[in-house]
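The primary structure of each chain is shown beneath.
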Amino acid sequence: MSDIILEALKINKDFHDPVTVRVLTDINFSVDKGEFVSVTGKSGCGKSTLLYILSTMDTDYEGELLIDNEPVRTKKEAQLARIRNEKIGFVFQFHYLLNEFTVLKNVMLPGLKLNRYSEKEVEQRAMEKLKMLGIEQLALKNANRVSGGEKQRVAIARALINDPYIIMGDEPTGNLDKKNSEIVFDIFKRLAEEFNQTLLIVTHDQGFARRTHRIIEMEDGRIIH
Amino acid sequence: MNFKLILNIAQSLLLARWKQTLVAAIGVTFSIAMFITLLSFMTGLNDLLDGLILNRTPHIRLYNEIKPNKYQPVNLTSEYKDHYNFIQSVKSGNSRQEIYNNAAIMQALASDKRVMGFSPKITAQVFFNDGTVDITGVINGIEVQAENKLFHFNDYITAGRGPDLSKVSNSIVLGKGLAEKLLADIGDMVQVTTAKGERFQLKVVGYFQSGIGEYDKVQCYASVSTIQKLIGKTSNYITDVQIKLTDVMAAPAVAKEYARLFNVDAEDIQTANSQFETGSFIRTLISYAVGITLLIVAGFGIYNILNMMIYEKMDSIAILKATGFSGRDVKRVFLLIALSIGFSGGLVGLLMGFIFSSAIDQIPFNTAALPTIKTYPINYNPVFYLIGSSFSLITTYLAGLFPARKASKVDPVIIIRGK
C-alpha cells in the first residue's frame, strides 16, 4: 500500500486579480494507491483551488506535482489533456453531463477519446459501469431527462470508464439531498474498498469527511492537519 | 485519429441547435446562389455584347492601307543621307489596295496550325440609286461559306437566304436599315453606281441585321465574284483577308509576324477593339466584387452563430476538456461545424444558382437590335461553380476559425468554479 499515485511538492499559488493574494502556501502531501481521502475546510480556504491544480486543469502555480511519479508541471496542454483522459476521473458538484447525448454516450465519450478499446468494447464497458451503479435502465435516456441524483451517478460512471488511477471529486454531494448523498457516498466507499480505487474528494460536509479513510484539513491556504 | 468521435460530437452539437444552423446554412446558400446567378447572367450579357462586335470581327485583318510612302526619294539618296530633310505636302501614292500574291498568302495561312480559318473580302463603295436620290453604301464581297463558318453570317440574315448569294449571280443582301430606305423587297432589283461611274442591277436575296443600326444603314453583302465584276477587276483581286485564330490572345504577335512575312498591313482584334475588353473586364470585376461581398456577409452570419453556440456550450466545452479532450480537439469540433454549414449550404447554393440561372435563361428577351437572341443570355461556365464552392468553404473556414480558437482556449476551471 505504499505506491504513491499523487504527490504535491511545495505547491504555492497566487491570485493576481485585482491584487496579488496568496491562496495556497507550501502544500506538501501525497496520496497512496487505494486511499479514500477527503479534503475539508471552510469556504475560501483554497481546497477547490488545490483540487484544480491537482487535476492538471490549473497550470498557474509554483512547486511540483507528480502523478504516477511523473512530473506534470512542464507538460503541454495536449499532454495534460491526455493525462486527465487516461489517469484521472472527475465528479463535479454540478453534474455536467452533455445534454446533446444519451446517458450511455456521456459515459462512453472519455473512453472513445482514449481510443484504447474499440467502440463496441467501450460501449460494453460503459454498460458494466452503469450496471455496477444500478442505473443501467437509464442508458438510452437523454442526459437532460434524468434526475439530479441519477446524473451524479452517471458522472461517476463516466469518471470510471478509463479505469483511472485516481478519482477526484469537487463537492460531489454538495448539490444533492440526504438520500442521494448517501447513495453517492456508498458508491465511493464501495469503489475504495471493493475495487481498491483511489479517491480524492473535496467536501465541506463533515459527516461525509469523517467516514473516509483520511482527512486533510485546510485553513487559509495551508494544510493544518 | 479520433476523427469519427470529433465528427460525432460536432454532429450532435449541430443537431441540438438545428434551427440556428439552418439559418446559417441558408445564408451561405443564398449568397452562393446569388453569386452563381449574378456571374452567369453578367458574363452571359458580356459575351452577348462582345459577340455583337467581336463575333464578326476577324482576329487579324490583312489589308493595304492607303498612306504616304515612308521612303521618300530624298531620304534614299546617299547625297542627303546626313541631312535632316523637311518634306512638305506629302501625298499618298497610287499604291493599290489589292493584296499582292494573295493566293500564296492564303495557301500559307491554310497550312498554319494557329489559324482556325480565314476568308477573303473585298470592300467597294457604291451609290444606291433610288429615283432621284443617291444613297451611299458599302458592299462587302465575301465567300459566303467561309464567312458563315467564321463569323456566323447566316445568323444575321433576318429574311431571305444567305447562301443564295453564291448561287444567284449578281445578287445582294441588303442591310435592314438600307432596305427600308430603298423600299426593296426580296426578289427586287436595286441599281448601284460604282465609284468609277458604272451602273449595275443587283437582285436582293436577303436582309441583314447586325444589331447596330448605323451599320445596317450602310453595309451590304455580295459574293466576291460579284464585286470583282462590279469594280472591273480580275478574279484574283482581294483587298482584305480576315483571319480567325485558335487562340485569340496570340493575335497581336501573329499579326506582327504576318505583316512582316507578307509585307501587308495587319491589324489585330485587341488593337481594333480594346474598348470592349475594358468594358467586359470592369463588368466582370463588379460582379465578382458583389458576389464575394455576399459570401463575406454570409461568413459573418456563421461567425455570429458559432460565437453564440460557444457561449451556450461553455459548460459542454469545459466538461470535454476536463475529461481529456485537448484544446485542439475542441477547435476541430467547431471548425467541423463551420465547414459542414459551409459545405451543405454551398452545395444547395450551387444547385439553386443553377436553377435560378436556368430560370433567367427561359425569360423571353426580344429586341430588334439582336435578331438571334430570344431569351436572356446565361453563361453556364463551370468555373463560377468552382469558385463559388471553394469560396464558400474558405469563408466558412475563416468564419469558424476565430470562434473555434476561442472555444479551444476556454479555461474549464473558470467555468466549473464559476457555478
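Residues numbered from 1 in each chain as written. Chains lettered and ligands numbered in written order. Predicted model: local features only at pLDDT ≥ 70, side-chain atom pairs only at ≥ 80, totals over all residues. Heavy atoms only, no water.

Colleague: Give a detailed account of the overall build of chain A, specifying residues and quantitative values.
Modeller: Counting secondary structure elements, chain A contains 7 helices and 10 strands. In terms of overall dimensions, chain A is globule-like: its C-alpha atoms have a radius of gyration of 17 Å, near the 17 Å expected for 225 residues. Overall, chain A is about 50 × 40 × 40 Å in size when its C-alpha atoms are taken along their principal axes. Within chain A, the fraction of its 225 residues that count as buried is 55%. Sequence separation of 24 or more characterises 72% of the internal contacts of chain A that already satisfy a separation of 6 or more. Placing the 32 positive and 34 negative side-chain charges of chain A at their respective mean positions leaves the two points 4 Å apart. (Helix = DSSP H or I, 4+ residues; strand = E, 2+ residues; numbered from the N terminus. Rg over C-alpha atoms; globule rule 2.2 N^0.38 Å. Buried < 20%, exposed > 50% of the residue type's maximum accessible area, 1.4 Å probe, protein only. Contact = heavy atoms within 4.5 Å. Lys, Arg positive; Asp, Glu negative; His and termini not counted. Charge placed at Lys NZ, Arg CZ, Asp CG, Glu CD.)

Colleague: Outline the overall build of chain B, listing residues and values.
Modeller: The number of helices and strands found in chain B is 16 helices and 10 strands. Taking 22 Å as the expected radius of gyration for a compact globule of 419 residues, we find that chain B reaches 33 Å, considerably beyond that expectation. Relative to its 419 residues, chain B shows a buried fraction of 47%. Here the contacts in chain B between residues at least 6 apart in sequence split such that 76% fall between residues at least 24 apart. Carbon and sulfur atoms provide 60% of the accessible area of chain B, an area that totals close to 21700 Å². For chain B, the distance from the average position of its 39 positive side-chain charges to the average position of its 31 negative side-chain charges is 12 Å. (Areas by Shrake-Rupley, 256 points an atom, 1.4 Å probe, with all protein chains shown as cover.)

Colleague: Lay out the packing of helix 3 (residues 103-114) of chain A against helix 5 (residues 148-160) of chain A in plain terms, naming residues and giving numbers.
Modeller: What describes two packed helices is the angle between their axes and the distance between those same axes. Residue and element names in this part refer to chain A. Running from amino to carboxyl end, helix 3 crosses helix 5 at an angle of 30 degrees, the nearest separation of the two axes being 7 Å. Relative to helix 5, helix 3 is oriented roughly parallel. Note on packing geometry: the crossing formed by helix 3 with helix 5 is right-handed. Along the contact surface, helix 3 presents Val103, Asn106, Val107 and Pro110, while helix 5 presents Val154, Ala157 and Arg158. For the contact of helix 3 with helix 5, the residue count by class is 5 nonpolar, 1 polar and 1 charged. (Axes fitted to C-alpha atoms, helices over the stretch in contact; angles between N-to-C directions. Parallel < 35°, antiparallel > 145°, perpendicular 65-115°, else oblique. Left-handed = near helix turned anticlockwise from the far one by under 90°. Nonpolar A, V, L, I, M, F, W, Y, C, P; charged D, E, K, R; others polar.)

Colleague: So what's going on with the domain arrangement of chain B? Which residues, and what values?
Modeller: Assigned domains within chain B: domain 1 (3-54 + 276-418) and domain 2 (60-67 + 94-271). Of note, the centres of domain 1 of chain B and domain 2 of chain B, computed from C-alpha atoms alone, are 51 Å apart. (Domains from an automatic or database assignment.)

Colleague: Give a description of the interface of chain A and chain B that names residues and reports values.
Modeller: If you look at the interface, chain A gives 25 residues, while chain B gives 29 residues. When chain A packs against chain B, close to 2300 Å² is buried across both sides, 62% of that on carbon and sulfur atoms. Three residues, A:Tyr96, A:Glu100 and A:Lys113, lead the burial of chain A against chain B; their summed loss comes to 30% of the area buried on that side. At the boundary of chain A with chain B, the tally comes to 3 salt bridges. (Buried area = accessible area lost by both parts, 1.4 Å probe. Salt bridge = Lys/Arg side-chain N within 4 Å of Asp/Glu carboxyl O.)

Colleague: How would you summarise the pattern of salt bridges if you had to cite specific residues and measurements?
Modeller: Following the criterion strictly, the structure yields 21 salt bridges over all chains and no others. When the shortest N-O distance is used, the salt bridge between A:Glu70 and A:Lys87 registers 3.3 Å. Here A:Glu70, found in strand 5 (residues 70-71), pairs with A:Lys87, found in helix 2 (residues 77-87); they are 17 residues apart in sequence, far enough to count as distant. A salt bridge links B:Glu257 to B:Arg114; its shortest N-O distance comes to 3.0 Å. Here B:Glu257 is found in helix 10 (residues 251-262), whereas its partner B:Arg114 is found in the loop between helix 4 (102-110) and strand 2 (115-130), with 143 residues between them in sequence.

Colleague: Now, about the nonpolar core: what can you tell me, with residues and values included?
Modeller: Ranked by size, the top nonpolar core spans 118 residues in total, and within it A:Leu6, A:Phe188, B:Phe334 and B:Ile337 carry the most contacts. The leading source of residues in this core is helix 14 (residues 327-362) of chain B, at 9 residues. Ignoring sequence-local partners within four residues, the contact set of A:Phe188 consists of A:Phe36, A:Val91, A:Ile156, A:Pro172, A:Leu199, A:Ile201 and A:Phe208. B:Ile60, B:Leu178, B:Ala255 and B:Val264 belong to the second-largest nonpolar core, a separate cluster that totals 42 residues. (Core = buried A, V, L, I, M, F, W, Y, C linked by side-chain atoms within 4.5 Å.)

Colleague: Help me get a handle on helix 10 of chain B, residues and values and all.
Modeller: Residues and elements named next belong to chain B. For helix 10, which comprises 12 residues, the first-to-last C-alpha distance of 16 Å matches the rise-based estimate of 16 Å (1.5 Å per residue) to within 8%. Elements in contact with the buried residues of helix 10: strand 1 (60-63), helix 4, strand 2, strand 9 (240-245), strand 10 (265-268) and helix 11 (269-272). Backbone geometry just after helix 10 places Asn263 at a positive phi near 55 degrees. (Expected span 1.5 Å × (residues − 1).)

Colleague: Describe the packing of aromatic side chains, and please don't skip the residues or the numbers.
Modeller: Scanning all chains against the criterion turns up 15 aromatic pairs over all chains. Arranged with centres 5.7 Å apart and planes meeting at 55 degrees, the rings of B:Phe354 and B:Tyr380 form a pair that is tilted. Of this pair, B:Phe354 sits in helix 14 while B:Tyr380 sits in the loop between helix 14 and helix 15 (382-408); the two residues are 26 residues apart in sequence, bridging distant segments of the chain. Given a relative accessible area of 33%, B:Tyr380 falls into the partly exposed group. For A:Arg73, the ring lying beneath its charged end belongs to A:Tyr61, and the centroid distance is 5.5 Å. In this arrangement the basic side chain of B:Arg61 is found over the ring face of B:Tyr63, its NZ or CZ atom lying 4.1 Å from the centre. (Phe/Tyr/Trp six-rings, centres within 6.5 Å; stacked < 30°, edge-to-face > 60°. Lys NZ or Arg CZ within 6 Å of the ring centre and 35° of its normal.)

Colleague: Report on the environment of B:Ala222, specifying residues and quantitative values.
Modeller: All names here are of chain B. In this structure, Ala222 sits in strand 8 (residues 219-223). Look at Ala222 and you get buried, because its relative accessible area is 0%. When the C-alpha positions of Ala222 and Val410 are compared, they lie 81 Å apart, and in sequence the two are 188 residues distant. In contact with Ala222, not counting residues within four places along its chain, are Ile139, Asn140, Gly141, Ile142, Leu165, Ser171 and Ile227.

Colleague: Requested: an account of the packing of helix 3 of chain A against helix 1 (residues 3-16) of chain B, with residues and values cited.
Modeller: Contact pair helix 3 of chain A / helix 1 of chain B: the axes reach a minimum separation of 10 Å and the direction vectors enclose 145 degrees. Once helix 3 of chain A is placed against helix 1 of chain B, the crossing between them reads as left-handed. Together, A:Lys105, A:Leu109, A:Leu112 and A:Lys113 of helix 3 of chain A and B:Leu5, B:Asn8 and B:Ile9 of helix 1 of chain B make up the contact between the two elements.

Colleague: Tell me about the sheet that holds strand 7 (residues 166-170) of chain A, residues and numbers included.
Modeller: Read from one edge of the open sheet, 6 strands run 6-7-8-3-9-10 (chain A), paired in mixed fashion. Edge positions in the open sheet fall to strand 6 (88-91) and strand 10 (222-223) of chain A, since each of these has one partner strand only. (Pairing = 2+ DSSP bridges.)

Colleague: Can you tell me about the sheet that holds strand 5 of chain A, naming the residues and giving the values?
Modeller: All names here are of chain A. Read from one edge to the other, the open sheet built from 4 strands follows the order 2-1-4-5, with strand pairing classed as antiparallel. Every interior strand has two partners, whereas the edge strands, strand 2 (21-32) and strand 5, have only one. Relative to strand 5, strand 4 (residues 62-67) runs antiparallel, the two sharing 2 bridges. Counted as the bridge partner of Leu66 is Pro71 from strand 5.

Colleague: Tell me what's going on with unusual backbone geometry, and back it up with residues and numbers.
Modeller: In terms of backbone geometry, most residues other than glycine have negative phi values and most peptide bonds are trans. Phi is positive for A:Asn196, which is not a glycine, with a value near 55 degrees. Inspection of the secondary structure puts A:Asn196 in the loop between helix 6 (178-194) and strand 8 (198-202). Even without being glycine, B:His152 reaches a positive phi, approximately 55 degrees. Note on placement: B:His152 falls in the loop between helix 5 (144-151) and strand 4 (157-160).

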